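Summary of the model geometry
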Amino acid sequence: MVTGYWHSRETFGTVDGPGIRYVLFLSGCPLGCAFCHNPDTWGRGEKTITADAVVKEVLDYAEFYRPDGGITISGGEPLQQPDFVAEVFARCHEHDIHTAIDTSGWAPRENIAKILHDTDHVLFSLKGATPQSYAKLTKGDFTTIRENLSLLAERKRTTIRYVLIPGFTDDALNQAALIHLVNTLPGHVDIEVLPYHTMGIRKWQELGWDYDLLDVPAPSSAETNEFTHTLQEPLPDRHVFC
């Protein structure tokens, strides 16, 4: 019986992949993003759930998920529990349920290999487009992230989810780097621009942690739309949206 450590779940998700989705948030993440809105998922904790229990609940709501929706496993970082993800996805495929993983890509390549066969769609959360911005915002290594993104994009439909953070990821250098990165990736990669928000600050405060981006404002709709528009022009064959 394959068991995973989990944080929470949604049975009617609409923003984590196509259609209506069952979204399972696993616990445990080593990336330590400075703007994380769910820092309470970093630790693995003690809550566990079996693959059987997840699939049973997905099938209870299957009429809402077929044919356009499915299941998304998010986190935390789901690639920290690849055996569990692979088992859930394989079981869901037996019932024609579409599968998606929402990942930062911060994991060993062997973990990625375990989930590839039964993953339909990758939502890749890119925390910055340059080594410098990545180092300011995370504990990860940008070279590893780029390599893992390329590995996934070559084999699976991939959507890059790029968080627009004023003063960190919204400058011309990051924008040019993002365009170059997408143009050099194998396969067809879409881009979703997500405006930074401050809704996670309360959780940091409840945990007694310092939030280093306390003075960083959320970008306006106009700023987000302008950044998205400037990506669309040099990437005419990509789906760029916000």
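Residues numbered from 1 in each chain as written. Predicted model: local features only at pLDDT ≥ 70, side-chain atom pairs only at ≥ 80, totals over all residues. Heavy atoms only, no water.

1. Digging into helix 9 (residues 221–232)
Over its twelve residues, helix 9 runs 16 Å from end to end, which matches the ideal 16 Å to within 8%, given 1.5 Å per residue. Considered for burial, the residues of helix 9 that qualify are Thr224, Phe227, Thr228 and Leu231. When helix 9 is viewed along its axis, its buried side chains cluster within an angular range of 95° and face the same direction. Exposed residues pointing more than 90 degrees away from the buried face of helix 9 are listed as Ala222 and Glu226. (Helix = DSSP H or I, 4+ residues; strand = E, 2+ residues; numbered from the N terminus. Expected span 1.5 Å × (residues − 1). Buried < 20%, exposed > 50% of the residue type's maximum accessible area, 1.4 Å probe, protein only. Arc of directions from axis to C-beta.)

2. Thoughts on the pairing of strand 1 (residues 3–13)
Judged from the three bridges that link them, strand 1 and strand 3 (residues 48–50) form a sheet pairing that is antiparallel. Considered in strand 3, the bridge of Tyr5 is made with Thr48. Pairing geometry for strand 1 and strand 2 (residues 21–26), over five bridges, is antiparallel. Looking at strand 2, one finds that Ser8 is bridged to Phe25. (Pairing = 2+ DSSP bridges.)

3. Side note on the packing of aromatic side chains
The full count for this structure, using the stated rule, is seven aromatic pairs. Each ring, one from Trp204 and one from Trp209, has its centre 5.8 Å from the other, and the planes form 80°; the classification is edge-to-face. Judged by its relative accessible area of 35%, Trp209 is partly exposed. A cation over an aromatic ring shows up here: Lys47 above the ring of Trp6, its NZ or CZ 3.8 Å from the ring centre. (Phe/Tyr/Trp six-rings, centres within 6.5 Å; stacked < 30°, edge-to-face > 60°. Lys NZ or Arg CZ within 6 Å of the ring centre and 35° of its normal.)

4. Describing the nonpolar core
Phe35, Val54, Ile71, Val88, Leu126 and Leu213 are the most contacted members of the largest nonpolar core, which has 68 residues in total. Among residues more than four places away in sequence, those in contact with Val88 are Ala51, Val54, Val55, Ile71 and Ile73. (Core = buried A, V, L, I, M, F, W, Y, C linked by side-chain atoms within 4.5 Å. Contact = heavy atoms within 4.5 Å.)

5. Let's talk about the environment of Pro39
Along the chain, Pro39 turns up in the loop between strand 2 and strand 3. Judged by its relative accessible area of 2%, Pro39 is buried. For Pro39 and Ile201, which are 162 residues apart along the polypeptide, the C-alpha to C-alpha distance reads 9.4 Å. Beyond its immediate chain neighbours, meaning those up to four positions away, Pro39 contacts Lys203, Trp204, Leu207 and Trp209.

6. Considering unusual backbone geometry
Residue Pro67 is reached from Arg66 by a cis peptide bond, and omega for that bond is 0°. Looking at the element boundaries, Pro67 is found in the loop between helix 2 (62–65) and strand 4 (70–74). Residue Gly75 is joined to Gly76 through a cis peptide bond whose omega torsion reads 10°. Within the secondary structure, Gly76 is located in the loop between strand 4 and helix 3 (82–93). Positive phi outside glycine occurs at Asp96, with the angle close to 60°. Relative to the helices and strands, Asp96 is located in the loop between helix 3 and strand 5 (98–103).

These values are about where atoms sit, not about what they do.
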